[in-house]
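Structural characterization, general
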Amino acid sequence: MEDNVILRVATKILTPYILLFALYVQFHGDYGPGGGFQAGVIFAAGFVLYTLIYGLETARRVLPLKFAALCGALGVLIYAGVGIATMMKGGEFLNYNYLDSHNAEHGQHLGILLVELGVLTTVFGVMVVIFYSFAGRRDIQS
Amino acid sequence: MLVITALIVVRLENLFTVAMVTGIYSLLSAVFFTLLDAVDVAFTEAAVGAGISTVLMLGTLSLVGHQQKKRKTVQWFPLTIVTITGLLLMYGTLDIPPFGEGGNPIHGHATTVHYLEESSHETGMPNVVTSVLASYRGYDTMGETTVIFTAMVGVLLLMSGRKRKPSKDVEGDPSGR
């Protein structure tokens, strides 16, 4: 598929919009359907499309496997970190009310935003790692 | 529609087509979820089921070849087990209250009422699904995130190995990947 001009150009045009749509899904999750998980999958799908058309080597130069794996771990860390932060502020684990000492609702907003960010990071990293592993399997064998 | 697609999946022998039809199956269930007003679930189903897992299946097929082994005889034992399990599941659904009825226990439960009425000024989120997922059920979502993370660790451990050392076993059997 790497020689097909139409696919290459179309991918080049589409990929930024896919990534943008993922971010929209992420930050619009408070108001409509969507959230961290869906956004992470769509964000990863953008890279999957890129990998399919431009090949694994090019994609790995844009987004190394190590970085994707780091994302996968970082997301869980962000999520648990929010929990620890609320404990530091004197509340229970993951009780966002304590994130903002003046307004509980703002604390909830901040907490949900951060937590969804964690989910996004993990899901994105994991999907990319799994896809890379499957796609790179042939190179390892041959 | 879903049943027809599932039957097609079972009948087909070319695994490449099977992967495609499975994607269609996921897309159809996403439509089905939308009709049931479960937009978030439909979203996930469309993205994961129809998108990523189809690609993963195709990636796997490029490794293992895309033709199923011919099998002539009908395997009665698995067929019986599948049929019995299916019938039991259908029997189980008889106990579920009718869909969409106002008097169903779930609609009047204190937790449901609390989520629907208090969520907007307890969390400031217009979307109750998000507030339940991320705030009220934050522990669950964290568990799910950890599960996904574990999946990554598992895949990395299993698949991203170094080159397999050429041994007589592998050379003698080309399908022994």
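Being a predicted model, the structure only gives us computed values, none of them experimental.

Each helix and strand in chain B was counted, giving nine helices and zero strands. When the helices and strands of chain B are listed from N to C terminus, the series reads α-α-α-α-α-α-α-α-α. Within chain B, the proportion of its 177 residues that are buried is 15%. The long-range fraction of contacts in chain B, counting pairs at least 24 apart against all pairs at least 6 apart in sequence, stands at 35%.

Our focus in this paragraph is the domain arrangement of chain B. Segmentation of chain B into domains returns domain 1 (1–67) and domain 2 (117–159). Computed from C-alpha coordinates alone, the two centres of domain 1 of chain B and domain 2 of chain B are separated by 24 Å.

Membership of the largest hydrophobic core comes to 51 residues, with the highest contact counts inside it found for Val41, Ala44, Val123, Met127 and Val128 of chain A. Elements with a contribution of two residues or more to this core: α1 (5–27), α2 (36–54), α4 (65–88) and α5 (104–141) of chain A together with α3 (39–64), α7 (128–136) and α8 (138–159) of chain B. For this core, the element with the highest residue contribution is α5 of chain A, accounting for 15 residues. Those residues in contact with Val41 of chain A that sit more than four places away from it in its chain are Val123 and Met127 of chain A together with Ala47, Val48, Gly51 and Ile52 of chain B.

In this structure, Leu94 of chain A takes a positive phi of about 65° despite not being glycine. For Leu94 of chain A, the position within the fold is in the loop between α4 and α5. Residue Asp37 of chain B is not a glycine yet carries a positive backbone phi of 70°. As for its placement among the helices and strands, Asp37 of chain B is situated in the loop between α2 (15–35) and α3.

Conventions used here
Residues numbered from 1 in each chain as written. Chains lettered and ligands numbered in written order. Predicted model: local features only at pLDDT ≥ 70, side-chain atom pairs only at ≥ 80, totals over all residues. Helix = DSSP H or I, 4+ residues; strand = E, 2+ residues; numbered from the N terminus. Buried ≥ 20, exposed ≤ 12 C-beta atoms within 10 Å, placed from the backbone. Contact = placed C-beta atoms within 7 Å. Domains from an automatic or database assignment. Core = buried A, V, L, I, M, F, W, Y, C linked by C-beta atoms within 7 Å.

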